[in-house]
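# Working through the structure, step by step
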Amino acid sequence: ATPTAIMVGTGLGAERGVLFKDAAALETAASVRTVVMDKTGTLTRGEPEVTDVITAGGWREDELLRLVVAVERESEHPLAAAVVRHAQGRPTAPASAREFVNVPGHGATAVVDGRRVAVGNRRLMEREGVELGPLAARRDELAAGGRTAVIAAVDGAPAGLIGLADAPRETSARAVAELRSLGVETVMLTGDNRATAEHIAGRLGIDTVIAEVLPGDKAARIAELQRDGRRVAMVGDGVNDAPALAQADLGTAIGAGTDVAIETAGVVLMRSDPLDVPTALHIGRGTLRKMR
Ligand code: ADP
Ligand code: MG
C-alpha cells in the first residue's frame, strides 16, 4: 500500500467530513458488497412526531396521554421523547410513575395512579398478556402507512395507540440509488415493526428489510450477512448499534452520534448525510486502485 494513496484518500474524505480511522478502514471500504443501515436516525431523521392518538376501552385522549406521558418521561427512547413533546402544554395535571422498567426493544412499564401502564410494541403486549382486540386493525393501518404504532395498555387492557412518523432524511433515497449503481446490496436493519419498515424501505428503494430485531441481536444479524465471506458495512448512530458496528467489516457512525458508536466505527460521517456512505465507498475504491 502506498502511503501517498492513503493520504490522498484520507484527505479527500476529510474534506467532506468522511473521517477514516486508519488505512485498513479505507481498504475495507473498497471491498464492501453489502451496506446495512439502521432505520431510525440513519435513514430517517430520528425525530419522530406524533401523528395520531387513537383511544379504546372508553379512555379519553387526555386521560390516557396523562398516564402514558408519566411512563415515557422516565424513558430515554426517541419515541418516548416525541410522546412527551406532543403532550406538552396540555392543561391536564401531570402524573408521576413508580416502578419504572425500561424493556429494550419493547417499550416501558410503570405504575401510575395505582394502575399498571405498559407502553410499547406488540412484543411488549404479548409479554404483558394484552389482547389488542379491535385496535389490532388500526395498528396494522398505521404500520402500512409507514407510521410507528406505540400501544398503550392499562391494567392489562388495551387503552390506545399512538402513531408516530419519522421522516426519511432528504438524501436517503439518492444514497440508496448510488449504492445500487456501485453494485452494492442495501439492507435496512431495525427494531421497528415489519410493515412500518417495509413501507419506508419501499419508498427509499432498499433491497432487503430485517425488522423487529432486538437491540442485542443486531450484531448476530450482521454476522449472518457475512457468512459467505461478503464484506458488510453497518451504518448506525446509536448506543444500540455499537455491537453491530463492531461486528461489521466496516463500522460507519453517522453524525456526531454517541461516543461509543464513534469509538467502534472505522469511518465517521460528520455531516449525517446518507450520501456520504456511497462517497466513502468511492474513496475506498479510488484509493485501492492507486495502491495496486
Ligand atoms: P430501533 O431499531 O428503531 O432503534 P428499538 O430497538 O429502540 O428500535 O425499539 C424497537 C421498538 O420498541 C420501537 O419501534 C417501539 O415500538 C418499541 N419501543 C421501545 N422503547 C419504547 C418506548 N419507550 N416507548 C414506546 N415504544 C418503545
Ligand atoms: Mg436505534
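Whatever comes next refers back to the structure up there.
Before going into details, it helps to say that this report is about the structure given with it. (Residues numbered from 1 in each chain as written. Chains lettered and ligands numbered in written order. Predicted model: local features only at pLDDT ≥ 70, side-chain atom pairs only at ≥ 80, totals over all residues. Heavy atoms only, no water.)

Turning to unusual backbone geometry, a few remarks are in order. One non-glycine residue, Asp 155, adopts positive backbone phi at about 50 degrees. Within the secondary structure layout, Asp 155 lies in the loop between strand 7 (148-154) and strand 8 (157-165). One non-glycine residue, Ser 272, lies in the positive phi region at around 55 degrees. With respect to the helices and strands, the residue Ser 272 is situated in the loop between strand 13 (267-269) and helix 13 (276-291). (Helix = DSSP H or I, 4+ residues; strand = E, 2+ residues; numbered from the N terminus.)

In the region of ligand 1, 19 residues are neighbours, and Thr 40, Glu 72, His 77, Gly 191 and Lys 218 sit closest. Gly 191 is positioned with one of its backbone polar atoms (N or O) 2.7 Å from an oxygen atom of ligand 1. Interatomic distance of 3.0 Å between a side-chain N/O atom of Lys 218 and an oxygen atom of ligand 1. Taking a 2 Å distance to the grid points as the criterion, the majority of the atoms of ligand 1 fall inside the largest pocket. (Near = heavy atom within 4 Å. Polar contact = N/O pair within 3.5 Å; in protein donor to acceptor, adjacent residues only side chain to side chain. 1 Å grid on protein atoms, 1.4 Å probe; cavity = no way out; pocket = protein on both sides within 12 Å on 5 of 7 lines; lining within 4 Å. Sits in = over half its atoms within 2 Å of the grid points.)

Here 7 strands make up an open sheet; going across it, the order is 1-13-12-11-2-9-10 and the pairing mixed. Strands with a single pairing partner mark the edges of an open sheet, and in this sheet they are strand 1 (18-20) and strand 10 (208-210). For this sheet, the mean inter-axis angle between neighbouring strands, taken without regard to orientation, is 20 degrees. Both strand 2 (residues 34-38) and strand 9 (residues 185-189) contribute to a ladder of 5 bridges, which runs parallel. The residue of strand 9 that forms the bridge with Val 35 is Thr 186. Lying on the sheet, helix 10 (residues 218-225) is in contact with strand 2, strand 9, strand 10 and strand 11 (232-236); it crosses strand 9 at an angle near 160 degrees. (Pairing = 2+ DSSP bridges. Axes fitted to C-alpha atoms, helices over the stretch in contact; angles between N-to-C directions. Contact = heavy atoms within 4.5 Å.)

Okay, the pairing of strand 11 next. Among the 5 residues in strand 11, 5 count as buried, and that is most of the element. On strand 11, burial covers both faces: Val 232, Met 234 and Gly 236 on one face and Ala 233 and Val 235 on the other are all buried. One ladder, built from 4 bridges, connects strand 2 with strand 11; its direction is parallel. When the bridges of strand 11 are listed, Val 35 appears paired with Ala 233. (Buried < 20%, exposed > 50% of the residue type's maximum accessible area, 1.4 Å probe, protein only.)

Inspection of the secondary structure puts Arg 139 in helix 7 (residues 135-144). Contacts of Arg 139, omitting those with residues within four sequence positions, involve Arg 122, Leu 132, Ala 149, Ile 151, Leu 161 and Asn 193.

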